[in-house]
Amino acid sequence: MSWLGSRCLSGIYLLFYLYYMTGRYGCYCQEECNKGCTDTGCNNTTGVCTECIPGLFGTNCTKDCNNCIGDCDKINGYCAKCKEGFHGNNCQDNCSSGCTNSVCSKPTGDCTDGCKDGRFGSDCMKICDITNCLNNCSITTGHCTECKSGWFGTNCKSNCPGTCKSECRQANGRCNVCKTGLFGDGCTEQCPVNCTDTCQRSDGKCYGCKPDTVGSHCNGTCRPECVPMIGTPLGTCDRDGVCTKCIEGKYGTLCEINCSVNCVAGCARSGGRCGSCIKGKSGDMCNDDCNDNCTICQQADPNDCSACIDTRWGTSCNTPCSYNCNGSLCHHVTGLCLYGCKAGKTRANCTEDCPAGLYGMGCKNKCGNCANNTPCDVVTGECGTVGCLPDFTGTTCQQLAEDLSSAASGIIGAVVGIIFTSVFCIVGFVFYSKRKLHPKLQSSSVAKTSTTNGESYAKLKKLPVNKEGAYENLQTSTITMNEQRVTYENIDTTVLSKNDVNDTYVNLDTKTDSQAESNTYENFGPK
């Protein structure tokens, strides 16, 4: 009980203190503890607070913690953490006005969130020129950390070169990117003219080429094996020279390989497979022959024929056409005869003979009058050894016998008449020609001797006329009209010297032939 003091009463007073005198001190607890003390009270002798309420410190808890966040040390008032904008042990100092967000280090007052624009230094109290700075200046040096586009230098006071696309290096002004069409370290060289946009800065190689130009610098042209792609968005070739499309007859990456000569309309770009083959060929490259009986076969199978040689039909053209087909020609798929049947055959495949009583091509002819009603030959229509019915004749027994006799007689008579008329005309022509050749020649004498049913002329002499020609010894030995027989002998022309007549005719002899109605002329020619 000594802690109540030597002067204090004990016993009943102790109990009274514990229950009714908390927050007071003194011998009789007549003094109140300071209001800054917590409910735990204060020392009952000295009145020193056992514990201060938050925000106060000191012996009697009468001092404010001020700008501390939370409580502070009860004895010296040091803050564990300051309110924003303050620093120091007791957070009694303001942070610099240059600090971003007014935040600074509690012990030192250095700005922890950086400086406001245009300020630098640990406490952001120094001023920097940030006119051409992209952001603020360095908090340490006051130099621009990055320049605005088009500026370079420590404080971004210099313009970038005009060959730069935009920015340049802050330290030395070297362009980060060259303007379109320029390359080189200083962006002073022109890109090749066929670059689509620009080129690599280091060596001038084009990033892309204009249509139909090739090469790293786009200074080449597409190969002639490329099809010109005019009026399309596609180029004839790419910058590596790979054709968009090969001309007909070429294939390969660069269209440098010839298609097979047996291809029709070119081949596939990859591998060179023919689109189709010429007649008689098959296979991917059309280098295989169709089978011997095909004229056209499928590319994939030389035995799958779509057209056969003449006289063959079937899938592989291995089946002969019917012998009875006209020309032995038939349809390559069905085998049916194309141009009908040979004489004597009928039906689509020409395997049957003509019906009884018919013969010939297409069985269109009707048999004649064969004996015993025997059918005629289906090919020729002949009745053969059986012969004809009475009163009929001919190989096909289709002509009456009396018609044949009358016809024969008429033909013989016509032939005789033609011969007689021809002889008469020839004799008349010869006589007329001689008369016309020398119309002024006069006969000196004519001796006429009468004979039975005829006349004979002998020793008819013509003397020279116009002093240039002489004719003698024209003798007609016999003319017998009733026998239609004429003989001329010994026509001699001894002299013919007229300037415009240069031919001499000697020995025109017409001798009597042994047959009636026939004449023979010999030795008629120029002398």
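Residues numbered from 1 in each chain as written. Predicted model: local features only at pLDDT ≥ 70, side-chain atom pairs only at ≥ 80, totals over all residues. Heavy atoms only, no water.

Quick look at the overall build of the protein now. When its secondary structure is counted, the protein shows two helices and 37 strands. Here the contacts in the protein between residues at least 6 apart in sequence split such that 15% fall between residues at least 24 apart. (Helix = DSSP H or I, 4+ residues; strand = E, 2+ residues; numbered from the N terminus. Contact = heavy atoms within 4.5 Å.)

The next subject is the packing of aromatic side chains. In this description, an aromatic ring pair is defined by two values, namely the gap between the centres and the angle between the planes. This structure, assessed with the given rule, holds zero aromatic pairs. The ring of Tyr 323 is capped by Lys 342, whose NZ or CZ atom sits 3.6 Å from the centre of that ring. (Phe/Tyr/Trp six-rings, centres within 6.5 Å; stacked < 30°, edge-to-face > 60°. Lys NZ or Arg CZ within 6 Å of the ring centre and 35° of its normal.)

What follows concerns the side chain of Thr 236. One can find Thr 236 in the loop between β14 (220-221) and β15 (250-251). In this structure Thr 236 comes out as buried when scored by relative accessible area, which is 6%. Among the polar contacts listed, one links the side chain of Thr 236 to the backbone nitrogen of Met 229, at a separation of 3.2 Å. Excluding its chain neighbours within four sequence positions, the residues that come into contact with Thr 236 are Asp 212, Cys 222, Cys 226, Val 227, Pro 228, Met 229, Val 242, Cys 243, Thr 244 and Lys 245. (Buried < 20%, exposed > 50% of the residue type's maximum accessible area, 1.4 Å probe, protein only. Polar contact = N/O pair within 3.5 Å; in protein donor to acceptor, adjacent residues only side chain to side chain.)

Such a bond, covalent and formed between the sulfur atoms of two cysteines, is termed a disulfide. Under the counting rule described, the total for this entry stands at 34 disulfides. Sulfur-sulfur distance for the disulfide between Cys 259 and Cys 267 comes to 1.9 Å. A torsion of -70 degrees about the S-S bond marks the disulfide between Cys 259 and Cys 267 as left-handed. Overall, the relative accessible area of 10% leaves Cys 259 in the buried class. (Disulfide = S-S within 2.5 Å.)

Here strand β17 (residues 263-267) runs beside strand β18 (residues 274-277); their pairing, made up of three bridges, is antiparallel. When the sheet's bridge partners are listed, Cys 267 is paired in β18 with Cys 274. Linkage of β17 to β18, two consecutive antiparallel strands, is achieved through a turn of six residues, within which Gly 271 is found at a positive phi near 95 degrees. (Pairing = 2+ DSSP bridges.)

Counting through the fold element by element, Gly 173 comes out in the loop between β10 (158-159) and β11 (182-183). It is 7.9 Å that separates the C-alpha atoms of Gly 173 and Trp 151, two residues lying 22 residues apart in sequence. Ignoring sequence-local partners within four residues, the contact set of Gly 173 consists of Phe 152, Pro 161, Cys 164 and Cys 168.

Once that is clear, we can look at the pattern of salt bridges. According to the stated counting rule, one finds eight salt bridges in the structure shown. Put simply, Asp 353 and Lys 345 hold a salt bridge, and the shortest N to O gap is 2.6 Å. Overall, the relative accessible area of 19% leaves Lys 345 in the buried class. For the salt bridge of Glu 352 with Arg 347, the shortest nitrogen-to-oxygen distance reads 3.3 Å. Relative accessible area serves as the criterion here: at 38%, Glu 352 is assigned to the partly exposed category. (Salt bridge = Lys/Arg side-chain N within 4 Å of Asp/Glu carboxyl O.)

Pairing between strand β21 (residues 294-298) and strand β22 (residues 301-308): four bridges, direction antiparallel. By the bridge assignment, Ile 296 is partnered in β22 with Ala 307. Where β21 folds back onto β22 in an antiparallel hairpin, the turn is made up of two residues.

A word on unusual backbone geometry. Despite not being glycine, Cys 156 has its phi angle at roughly 60 degrees, a positive value. By the secondary structure assignment, Cys 156 is in the loop between β9 (151-152) and β10.

Moving on: the side chain of Lys 250. Residue placement: Lys 250 occurs in strand β15. A polar contact is formed between the side chain of Lys 250 and the side chain of Asn 258, at a distance of 2.4 Å. Ignoring sequence-local partners within four residues, the contact set of Lys 250 consists of Glu 225, Cys 255, Glu 256, Ile 257, Asn 258, Cys 259 and Cys 267.

A few words on a nonpolar patch on the surface. Judged by side-chain polarity, Ile 426, Phe 429 and Val 430 come together as a nonpolar surface patch covering roughly 290 Å² of accessible area. Relative to the helices and strands, Phe 429 resides in helix α2 (residues 401-437). (Patch = residues over 30% accessible without salt bridge, like charges linked within 9 Å, V, L, I, M, F, W, Y side chains within 5 Å. Areas by Shrake-Rupley, 256 points an atom, 1.4 Å probe, with all protein chains shown as cover.)

This part takes up the confidence of the model for the protein. Confidence in the prediction of the protein, expressed as mean pLDDT, is 77, and 75% of residues score 70 or more. Throughout residues 1-9 the model reports pLDDT below 50, and contacts reaching past four residues in sequence, or to other chains, amount to nine contacts. The low-confidence segment residues 439-527, where pLDDT is below 50, has 133 contacts with residues more than four positions distant or belonging to other chains. (pLDDT = per-residue confidence, 0-100.)

As for its position among the elements, Arg 269 is in the loop between β17 and β18. Taking the relative accessible area as the measure of exposure, Arg 269 reaches 28% and is therefore partly exposed. Sequence-wise, Arg 269 and Thr 253 are 16 residues apart; in three dimensions their C-alpha atoms are separated by 7.5 Å. Ignoring anything within four residues of it in the chain, the contact list for Arg 269 reads Val 242, Cys 243, Thr 244, Lys 245, Cys 246, Tyr 251, Gly 252, Thr 253 and Cys 255. At 2.5 Å, the side chain of Arg 269 and the backbone oxygen of Cys 243 are in polar contact. A polar atom in the side chain of Arg 269 sits 3.0 Å from the backbone oxygen of Thr 253.

The subject of this paragraph is the environment of His 217. Its place among the elements puts His 217 in the loop between β13 (213-214) and β14. Filtering out sequence-adjacent residues up to four positions away, His 217 remains in contact with Pro 192, Asp 203, Gly 204, Lys 205, Cys 206 and Arg 239. For His 217, the side chain forms a polar contact with the side chain of Ser 216, separated by 3.1 Å.

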